[in-house]
Amino acid sequence: ASSPAFRRGAPPYAPVAPDRAAASPGLHGVVKLLVRHFADERVVNPDVRDMMLQSVSVLLQYKEYVAVFEANEEARREMVPSLLRSFDSRFWIPVSNILLRLCKGVGFGQYDNEAIKVLAAIKAIKRDGADRHRETGHVAVVANEDDGGEDDHAASPDAALAEAIANSVDSSSPLFQALIVETFKGDPKLLEKFLDRVFNTLNWTITEFGVALKEMLDMRQRAAAARNLQRKCTVMLELSVTLERVLEFLTLELPVAFLDSSASMRMKRLVEILLFVLGHACGAGSDAKLFEQALSMKLPVFVADKISRAPVLAPIAGIILNLEVAAAAWVEGRGDEFGVNEVSDTVADELAAGAGENNISQLEYICAFDWEEHFGAFTGREEAIAELRDVVRRVRDTREDIERRRKAEDEVDVPEDFVDPIMQSVMTDPVTLPGSGVVVDRETIRRHLLTGDGTDPFSRTPLDESMLRDATDLRKKIDEWRSGLHKNLDTTALEDID
């Protein structure tokens, strides 16, 4: 039999008053119990594990309890890896909520210009490096002129705890934020699995939000059904925003996970999900029109839960800013401040490649959005919006260039061996599948493998990414063909200008 505190139907662990947390003698034992067993597969009843995760989430609402977790050796050692491994189809909701509590205060519209490195980096880039950052221990902070000595954050858990409590925003935890980053750095496979699940789950929550929104508007004459659907809409939107904020944190503290050449597929998937979310939040699309209609009706549940576009759009603005500023710092020779040693494609490049005209209008909408109305006059707003406008301008310019070049490719005969047999488009990075000998674009086969089908789509023999063989000679021919085509296009454009 399970303990009475965790029997089915029992409420999650209810904390004592926060101001009594430090004096509660059994609290460290409870924290140890929760951290040790919420991911323990020997606990066969998933409802029990779910309640333990909910208990952790309840405790972490309060700064005082965050301090207890930070002081607890078991929590410092085990909680973050266990949380990240527990992000699956059964426990993703409580895990997401816990991560959001730990990372609270670092998102667009929430932060202070002196506390978040990305905004100071914008100033540094614009002023030719007048501002500088430093990385202390595992936590990146803005250099403080009043700091008179070296920080022993990494060496002393007590010092780390004191610093985390002193600098935290509400219930956030710089200590656990740093542990999240270090865990992912030390386990790339865990990062890959985690991001894959986040992308898929966010796609699902936004889709469910759109479906519920349409059903709610169709059934608005049936009050009871409409109220239930209103509640479903708000829940799905809140879950989507939580996942967006998790992604925003990772792009801030671990931009290399998206900017490095080995992370090109992650960047593509990130941009795809950002554009998908944008399509439901603003613009001329049918999903965005449904959202606009629901907001204009001032539905009781929407009003009570303060549903608006701002929480959906803010993380998108933050993600774009985080990655563009990290890439710009790398160009300036300061990539080490963001842990970036190499940049493959920037988020602006990927937005330009994947965005249509409506998507660019949506990005421009973010720049023109009245952020102050929703978040107040947060420090750094003007610098952040100016940088966003610059990014969107570059996206539009690059998009026009891409469209011009694609049109030129469509108007000429393309050698048959340059064409991806699945996507029927000119390949960029051709690879040979060892089982069938067929040549496809690397991105095409990567997407195929992401579905979980670990086989060659032509021969059905086992396949993973490490088995792909670069078609180097073919790639060289494609690059030379493209270069000649685009050179002629540029020459024609110059003649038109003359």
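About the cut-offs
- Residues numbered from 1 in each chain as written.
- Predicted model: local features only at pLDDT ≥ 70, side-chain atom pairs only at ≥ 80, totals over all residues.
- Heavy atoms only, no water.
- Helix = DSSP H or I, 4+ residues; strand = E, 2+ residues; numbered from the N terminus.
- Buried < 20%, exposed > 50% of the residue type's maximum accessible area, 1.4 Å probe, protein only.
- Contact = heavy atoms within 4.5 Å.
- Areas by Shrake-Rupley, 256 points an atom, 1.4 Å probe, with all protein chains shown as cover.
- Phe/Tyr/Trp six-rings, centres within 6.5 Å; stacked < 30°, edge-to-face > 60°.
- pLDDT = per-residue confidence, 0-100.
- Patch = residues over 30% accessible without salt bridge, like charges linked within 9 Å, V, L, I, M, F, W, Y side chains within 5 Å.
- Salt bridge = Lys/Arg side-chain N within 4 Å of Asp/Glu carboxyl O.
- Pairing = 2+ DSSP bridges.
- Axes fitted to C-alpha atoms, helices over the stretch in contact; angles between N-to-C directions.

**Student:** Explain the overall build of the protein to me, and be specific about the residues and the numbers.
**Tutor:** The helix and strand inventory of the protein stands at 21 helices and five strands. Taking all 498 residues of the protein together, the buried fraction comes to 49%. Long-range pairs, those at least 24 residues apart, make up 71% of the contacts in the protein between residues at least 6 apart in sequence. In the structure as shown, the protein presents an accessible area of about 23900 Å², 50% of it carried by carbon and sulfur atoms.

**Student:** Now, about the packing of aromatic side chains: what can you tell me, with residues and values included?
**Tutor:** Two aromatic rings are characterised by how far apart their centres lie and by the angle between their planes. Per the stated rule, a full pass over the model turns up 10 aromatic pairs. Measuring from ring centre to ring centre gives 5.0 Å for F108 and W371, while their planes differ by 75°; the resulting arrangement is edge-to-face. Note that F108 is positioned in the loop between α5 (92-102) and α6 (117-126) and W371 in helix α18 (residues 371-375), a separation of 263 residues in sequence. You can call F108 buried: its relative accessible area is 0%. Overall, W371 belongs to the buried group, its relative accessible area being 2%. With centroids separated by 5.9 Å and ring planes inclined at 50°, the aromatic side chains of Y365 and F369 adopt a geometry described as tilted. Looking at Y365, the relative accessible area reads 32%, which means it is partly exposed.

**Student:** Tell me about the environment of G210, and please be specific about residues and values.
**Tutor:** As for its position among the elements, G210 is in helix α9 (residues 188-218). Taking relative accessible area as the criterion, G210 reaches 9% and is therefore assigned buried. A sequence separation of 71 residues divides G210 from A281, and the C-alpha atoms of the two residues are 9.7 Å apart.

**Student:** Describe the confidence of the model for the protein, and please don't skip the residues or the numbers.
**Tutor:** On average, the protein scores 81 in pLDDT, and the residues at 70 or more come to 78%. Low pLDDT, under 50, characterises residues 1-11; the predicted model gives this stretch 14 contacts beyond four residues in sequence or across chains. Low pLDDT, under 50, characterises residues 128-169; the stretch is placed with 58 contacts to residues that sit more than four places away or in other chains.

**Student:** An account of a nonpolar patch on the surface is requested, with residue identities and associated values reported.
**Tutor:** On the surface, I422, M423 and F458 cluster together into a nonpolar patch covering about 290 Å² of accessible area. The topology assignment puts F458 in the loop between α20 (442-450) and β5 (469-470). Among the residues examined, F458 registers a relative accessible area of 40% and is labelled partly exposed.

**Student:** Can you tell me about the sheet that holds β5, naming the residues and giving the values?
**Tutor:** One open sheet accounts for three strands, arranged β4-β3-β5; its pairing is antiparallel. Two strands bound the open sheet, and with one partner strand each, they are β4 (439-441) and β5. Of the pairings in the sheet, the one linking strand β3 (residues 430-432) to β5 comprises two bridges and is antiparallel in character. The partner of T432 across the bridge, within β5, is R469. Running over the sheet, α20 touches β3, β4 and β5 and is turned about 85° from β4.

**Student:** Pulling in residues and values, what's your account of unusual backbone geometry?
**Tutor:** With a phi angle near 55°, Q424 is a residue other than glycine that sits in the positive phi range. Inspection of the secondary structure puts Q424 in the loop between α19 (381-410) and β3. At R460, a position not held by glycine, the phi torsion is positive, near 65°. For R460, the location among the structural elements is in the loop between α20 and β5.

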